[in-house]
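# Survey of secondary and tertiary structure
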Amino acid sequence: MATSTSNMRHGEGKPQQLEALAFYHGAHGIDPTPVKDEIEARFLQDTLREKEEPVRKLRMLEAKLEQVRKERPEAEAVWQRLKKELGDTPPPYLHAMVMAVFGCFAILVDTILLAPTMDILNIANPFLQYVAAAGFAALFTAWFEHAGLHYVNAKTIGQKRSAIVAGCMGVLSLIFWGLLRGHQLRFAAGLAGNPLGDFLAAHPILAAVFFIIATLATPMIGAYSLLCAWRDFSAATMWRRVRERFATSRNAELELPKQIQTETESLERFDRRKEAECREWREIFNHYYDRGLKNGARREPLWSVVWKSVLGVIGGTVLAIFMPKAWFPAQFLFPGMSGLGLFLFFNYRRLHPTHERYLARENTKFAVIPESSHANQLPEPTLRLLSKGDHR
């Protein structure tokens, strides 16, 4: 078997090759069972650590699928009910925008009509008159809009009656305001000598009806337009939101099982791959354990330590020559100290080699095969006779 680069951590020491560890135990005849158990336990620990993220993702997908299956019936029921009310096509936003513009124009017209009558409230500044008129127009528009919403959303007869009463109060207020506007305009025209004052005095009922309608219609139309705009906008937004929720839940219910199946298959492939790696590690350990048990290793010779120490002494001598003269005693001690230090280091490594160095010193045995054996292994030529028709 070829040398593998599989590494493992033995205890708390440095990383060691599995091959070197197996060879060392085999060469010393140590029982391999505890080491194998440790290797498999550590391999299982690493495998579980690597599976944490895929397993967590799979559990999240399963929980999400369960949640989608619970929510989908409700989403479908809401969508079917809304589709019957609003149709299959999405309601447009254009109608809501147009009605909102109409409501704003109604408030603007009411502001223009009310501004001249602010003299009654002792507001003489034209700018402040328009500001006050806009406030009154917005106030009555909001009053009618609130009454309309209260009536539409009412669940009991009492709530509907209260909404009607509120609307009637607003109508009566605007009727009196319209009559006051008519009298104020006739009085102002009379003081200015305007023929409009004579006309209004000659037709008091017609003038009263006109000012009442002009005063009452603009806020009511504005309130109705804004209500329609809000209703259409809410319907269009709700249709799209409910449709998106239903489509999302339906697509998720179709896609999540595929994702779960993919993750499950990925975990199965991961388990098979890890089982194959574990078998490979076991075979590598057995192979190198048998090699260590059969071949053993040679100890590094002492002469190798000696010549390495001699090289250290030579190098230390060269360095000592270039030392300053002030270090004169150290020039004699440095070569000997360097040689002695290298001798102790290499000799300790010779007597206590690491597992990797022990494997590198394997006692390899060569087998020489005689040439005669190769000759005997050659197949003998077979005698083949010609038969009828072979000469063609």
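About the thresholds
Residues numbered from 1 in each chain as written. Predicted model: local features only at pLDDT ≥ 70, side-chain atom pairs only at ≥ 80, totals over all residues. Heavy atoms only, no water. Core = buried A, V, L, I, M, F, W, Y, C linked by side-chain atoms within 4.5 Å. Buried < 20%, exposed > 50% of the residue type's maximum accessible area, 1.4 Å probe, protein only. Helix = DSSP H or I, 4+ residues; strand = E, 2+ residues; numbered from the N terminus. Phe/Tyr/Trp six-rings, centres within 6.5 Å; stacked < 30°, edge-to-face > 60°.

### Let's talk about the nonpolar core
Looking at soluble globular proteins, one finds that nonpolar side chains tend to be buried together. Membership of the largest hydrophobic core comes to 16 residues, with the highest contact counts inside it found for L18, I39, F285 and Y288. Among the elements that line this core, the one with the most residues is helix α7 (residues 204–295), at 6 residues. Grouped together as the second largest cluster of nonpolar side chains are 8 residues, L58, A252, I260 and L267 included.

### Some words on the packing of aromatic side chains
Using the criterion set out here, one finds 6 aromatic pairs in the structure. With a centroid separation of 5.2 Å and 75° between ring planes, the pair formed by W79 and W239 is classed as edge-to-face. Linking W79 in helix α2 (residues 33–86) with W239 in helix α7, this pair joins segments that are 160 residues apart in sequence. Judged by its relative accessible area of 5%, W79 is buried. With relative accessibility at 6%, the residue W239 sits in the buried group. Centre to centre, the rings of Y93 and F233 are 5.5 Å apart; their planes meet at 50°, and the pair counts as tilted. Of the two residues, Y93 is situated in the loop between α2 and α3 (94–114) and F233 in helix α7; the sequence distance between them amounts to 140 residues. According to the relative accessible area criterion, Y93 is partly exposed, its value standing at 29%. Each residue in the set W79, W239 and F246 is aromatic and connected to the rest through ring pairs, giving one cluster.

The values reported here are purely geometric and, on their own, carry no functional implication.
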